[in-house]
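Here is what each chain is made of, one letter per residue.
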Protein chains: 2
Amino acid sequence: MKKKIIFAADIGGTTCKLGIFDQNLRCIQKWAINTDTSDQTGVQLLKQIHNAFVEKSTMLNYQLEDVIGVGIGVPGPVDFETGVVRGAVNLNWPESVPVAKIMSGLSGRPVFVDNDANVAALGEMHKGSGQNHSDIAMITLGTGVGGGIVSNGKIVHGHNGSGAEIGHIRVDHDQRFKCNCGKSGCIETVASATGVINLVHYYHPQLSIQSQLLPLINDNSVSAKDVFEAAKKGDLFGLFIVEKVSQYIAYLASILSVTSNPKYIIVGGGMSEAGHILIENIKTAYQQIVFTPAQEGTEILQAQLGNDAGMVGAAGLIKTYMIEKE
Amino acid sequence: MKKKIIFAADIGGTTCKLGIFDQNLRCIQKWAINTDTSDQTGVQLLKQIHNAFVEKSTMLNYQLEDVIGVGIGVPGPVDFETGVVRGAVNLNWPESVPVAKIMSGLSGRPVFVDNDANVAALGEMHKGSGQNHSDIAMITLGTGVGGGIVSNGKIVHGHNGSGAEIGHIRVDHDQRFKCNCGKSGCIETVASATGVINLVHYYHPQLSIQSQLLPLINDNSVSAKDVFEAAKKGDLFGLFIVEKVSQYIAYLASILSVTSNPKYIIVGGGMSEAGHILIENIKTAYQQIVFTPAQEGTEILQAQLGNDAGMVGAAGLIKTYMIEKE
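Residues numbered from 1 in each chain as written. Chains lettered and ligands numbered in written order. Predicted model: local features only at pLDDT ≥ 70, side-chain atom pairs only at ≥ 80, totals over all residues. Heavy atoms only, no water.

Taken together, the contact pairs 47 residues of chain A with 47 residues of chain B. Counting each side, the surface lost to burial between chain A and chain B is near 3,300 Å², with a carbon and sulfur contribution of 55%. Three residues, His159, Lys183 and Phe291 of chain A, lead the burial of chain A against chain B; their summed loss comes to 21% of the area buried on that side. The interface formed by chain A and chain B contains 34 residue pairs in polar contact (both at pLDDT 80 or more). Contributions of two or more residues to the side of chain A that touches chain B are made by strand E10 (145–151), strand E11 (154–155), helix H8 (236–257), helix H9 (276–289) and helix H10 (292–295) of chain A. Counted by class, the side of chain A that touches chain B contains 18 nonpolar, 22 polar and seven charged residues. (Contact = heavy atoms within 4.5 Å. Buried area = accessible area lost by both parts, 1.4 Å probe. Polar contact = N/O pair within 3.5 Å; in protein donor to acceptor, adjacent residues only side chain to side chain. Helix = DSSP H or I, 4+ residues; strand = E, 2+ residues; numbered from the N terminus. Nonpolar A, V, L, I, M, F, W, Y, C, P; charged D, E, K, R; others polar.)

What follows is the structure in structure tokens.
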């Protein structure tokens, strides 16, 4: 009997990462297409994605009947039950787009849709640092701070889809920096790539530490990457900032440990590429702050899948909600 | 055909609340027996509970074959998978007790065991303020701060059983008060009945507010109840403390809203009997701090079941993990 396959799409603002997987989430083929943002209804883009799937799977000798389901990750708020995306700025979708309905109309197959942070967590759970454990959490450090929580093997969406919106936990009670969400003091304002810069400009005038970052700071062109690079070379101001940032992330990890209590707390996103220096600082601060019994056996790890996490997790939606449900 | 029944026990340090329920969690009979703490292995107590169940159900014309399962709540850490209680100070169980194994040996029926905070949350979900929603959280304010989280209809235990151990989130970053857990600054140190007293003795010397609580404070006999009573009568110092406590609880609620994102955040435990003044202060502070989209449709409510929550939730274990699983 011929094997069944899964279609997976991670829709981003510039490219869509597409993949064809078998039912054990082994990747048969992966490729990318440009994201067409010309159509505000999303239909055009979803047709292009569907056509790309059909073309590629036909070449591989599969037919639509062989497809168990289509998993899709999108950069915007999603109603998981209905597969409706409630707008997506980066895709130029100002209004709601019924992604699941459109896509299942095109393919005739079941469609599951979730936001990019949740599918990335699911991807890491199935094929990355999560090692298939049923309780994991992912902290995504990019321009903002995103997250995904898996409890009892299921993504935690919550009642209005704000499950794992962990970037908006207030950790800076002085509320020094305004957040994109309209409030102030969110962890996103002090522990994202943007947050690193916020802290640099806040602490620099107060500290008389010599730093190789000085020209960049004065030039207003310092990046989070610069700060981590400097820290790795032993720059004291860089180390000071990395420690501050790590403390905030460790605090978030300590909260996750006594709410959903994940086995693996996976740190991903662009900033996680700082690697060892970030992860080790987080671990040290975590041990100091977390409820001792919650720490037992809990591991803080760097994400493994990089940019593929979303696509793998999109396929993971079909594995979790269709295959394993049977 | 004769109806099936559920045995439910909420084992406390002084009494065990027992109940016989039908499969829709309607209570057929409830009663209590004293908790026998003379036997450190727990066998004696579990036998007494089993005998009480048999006696009562026989009187009601039921036999053991009619029992779907036995649900048990205990005041200690539980390994949910195995039903082993890893010690319970209040029951005089210094070592692990395999409660599920002992109880199913006695009854021949399936047994589910969970800790008291989790079963209370499940009880409120099924028959109290939770209105059967599949995403709820409970904050239990007693001598300490406990909690229970239900996500996607299942209790969140996490990988090592520290799921919803929300009393140990650090909220007092000055770490003024030491927590029973060995760390400092946990929300338990500032928002439990003990926490209220901590705050009273901390702020009293700093504030020149007149207060009817003064004699009790000087006498070192002030209770959390006294503080809430005074606040209700307009006592300014009482109001000040209630506001501080409410802010901490609101912060915890804001964290729950962007982690598990419950529809209902249910405030229970002895301190919740303060009622309106506490709930309204929490709501006000919550709106100021929480991520705006997470707040939509989220309700903060006082618990409804009082002391019965644990017993109802113990029966709820059978409904959630046996009946609804079918």
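Quick look at the sheet that holds strand E6 (residues 84–88) of chain A now. Residue and element names in this part refer to chain A. Taking strand neighbours across the sheet as the criterion, the three strands line up as E5-E6-E7 in an open arrangement whose pairing is antiparallel. Unpaired on one side and paired on the other, strand E5 (78–79) and strand E7 (93–97) mark the two borders of the sheet. In this structure, E6 lies alongside E7, joined through three bridges in antiparallel fashion. Note that in E7 the partner of arginine 86 across the bridge is serine 96. (Pairing = 2+ DSSP bridges.)

What follows deals with helix H7 (residues 224–232) of chain A. Residues and elements named next belong to chain A. Residues of H7 that are buried: Ala224, Val227, Phe228, Ala230 and Ala231. Summarising the axial view, the buried residues of H7 lie within an arc of 160°, below the 170-degree limit, and thus occupy one face. Of the surrounding elements, those touching the buried residues of H7 are helix H5 (193–203), H8 and H9. Glycine 234, located one to two residues past H7, shows a positive phi value of around 90°. (Buried < 20%, exposed > 50% of the residue type's maximum accessible area, 1.4 Å probe, protein only. Arc of directions from axis to C-beta.)

On to unusual backbone geometry. One non-glycine residue, leucine 25 of chain A, lies in positive phi territory at about 65°. Structurally, the position occupied by leucine 25 of chain A is in the loop between strand E2 (15–22) and strand E3 (27–34). For leucine 25 of chain A, a relative accessible area of 2% gives the class buried. The phi dihedral of asparagine 132 of chain B falls on the positive side, at around 65°, and the residue is not glycine. Structurally, asparagine 132 of chain B can be placed in the loop between helix H3 (116–127) and strand E9 (136–141). The exposure class of asparagine 132 of chain B is partly exposed, given its relative accessible area of 48%.

So, about the relation of the copies chain A and chain B. Overlaying chain A on chain B yields an RMSD of 0.1 Å, the required transformation being a rotation through 180° with an accompanying axial translation of 0.0 Å. Look at the turn and shift together and you get a two-fold axis relating the two. Taken together, the interface assignments show that 100% of the residues at the interface of chain A recur at the interface of chain B, consistent with an identical surface on both copies. (Least-squares fit on C-alpha atoms with pLDDT ≥ 70 in both.)

The next thing to look at is the pattern of salt bridges. Counted under the stated rule, the structure contains 14 salt bridges over all chains. A salt bridge links lysine 232 of chain A to glutamate 229 of chain A; its shortest N-O distance comes to 3.9 Å. With a gap of three residues between them, lysine 232 of chain A and glutamate 229 of chain A both fall in helix H7, about one helical turn apart. Using a relative accessible area of 44% as the deciding quantity, one classes lysine 232 of chain A as partly exposed. For lysine 283 of chain B, the salt bridge identified is with glutamate 280 of chain B, shortest N-O distance 3.5 Å. Here lysine 283 of chain B and its partner glutamate 280 of chain B are both found in helix H9 (residues 276–289), three residues apart, which amounts to about one turn of the helix. In this structure glutamate 280 of chain B comes out as partly exposed when scored by relative accessible area, which is 31%. (Salt bridge = Lys/Arg side-chain N within 4 Å of Asp/Glu carboxyl O.)

All names here are of chain B. By the element assignment, glycine 316 lies in helix H11 (residues 309–323). The exposure class assigned to glycine 316 is buried, which follows from its relative accessible area of 0%. As a C-alpha pair, glycine 316 and lysine 178 span 138 residues in sequence and 35 Å in three-dimensional space. Those residues in contact with glycine 316 that lie beyond four places of it in its chain are Leu25, Leu122 and His126.

Right, let's talk about the packing of helix H7 (residues 224–232) of chain B against helix H8 (residues 236–257) of chain B for a bit. Any two packed helices are characterised by how steeply their axes cross, that is the angle between the axes, and by the distance between the axes. All names here are of chain B. Contact geometry for H7 and H8: axes closest at 7 Å, N-to-C directions at 115°. Viewed along their axes, H7 and H8 form a crossing whose handedness is left-handed. For the pair H7 and H8, contact is made by Val227, Phe228 and Ala231 and by Gly238, Leu239, Ile241 and Val242, respectively. (Axes fitted to C-alpha atoms, helices over the stretch in contact; angles between N-to-C directions. Left-handed = near helix turned anticlockwise from the far one by under 90°.)

Okay, the domain arrangement of chain A next. Residues and elements named next belong to chain A. When cut into domains, chain A gives domain 1 (5–123 + 308–323) and domain 2 (133–303). For domain 1 versus domain 2, the distance between C-alpha centres works out to 29 Å. Domain 1 puts eleven residues into the contact, and the matching count from domain 2 is eleven residues. Here domain 1 packs against domain 2, burying approximately 950 Å² in sum over the two surfaces, 59% of which is carbon and sulfur. Interface area lost by domain 1 to domain 2 is led by Asn118, Ala121 and Tyr321, which between them contribute 47%. At the boundary of domain 1 with domain 2, the tally comes to zero salt bridges. Taken together, domain 1 and domain 2 are joined by two residue pairs in polar contact (both at pLDDT 80 or more). When residues of the side of domain 1 that touches domain 2 are traced back to their parent elements, those giving at least two are helix H3 (116–127) and helix H11 (309–323). Residue contributions to the side of domain 1 that touches domain 2 peak at five residues, all from H3. Here the side of domain 1 that touches domain 2 is composed, by residue class, of seven nonpolar, two polar and two charged. (Domains from an automatic or database assignment.)

Our focus in this paragraph is the sheet that holds strand E1 (residues 5–11) of chain A. Residues and elements named next belong to chain A. Reading across the sheet, the five strands line up as E3-E2-E1-E4-E8 and stay open at both edges, with mixed pairing between neighbours. Of all strands in the sheet, those bounded by a partner on one side alone are E3 and strand E8 (111–115). In this sheet, adjacent strand axes meet at a mean angle of 15° when their direction is disregarded. For strand E4 (residues 67–74) and E8, the ladder comprises five bridges, and the chain directions are parallel.

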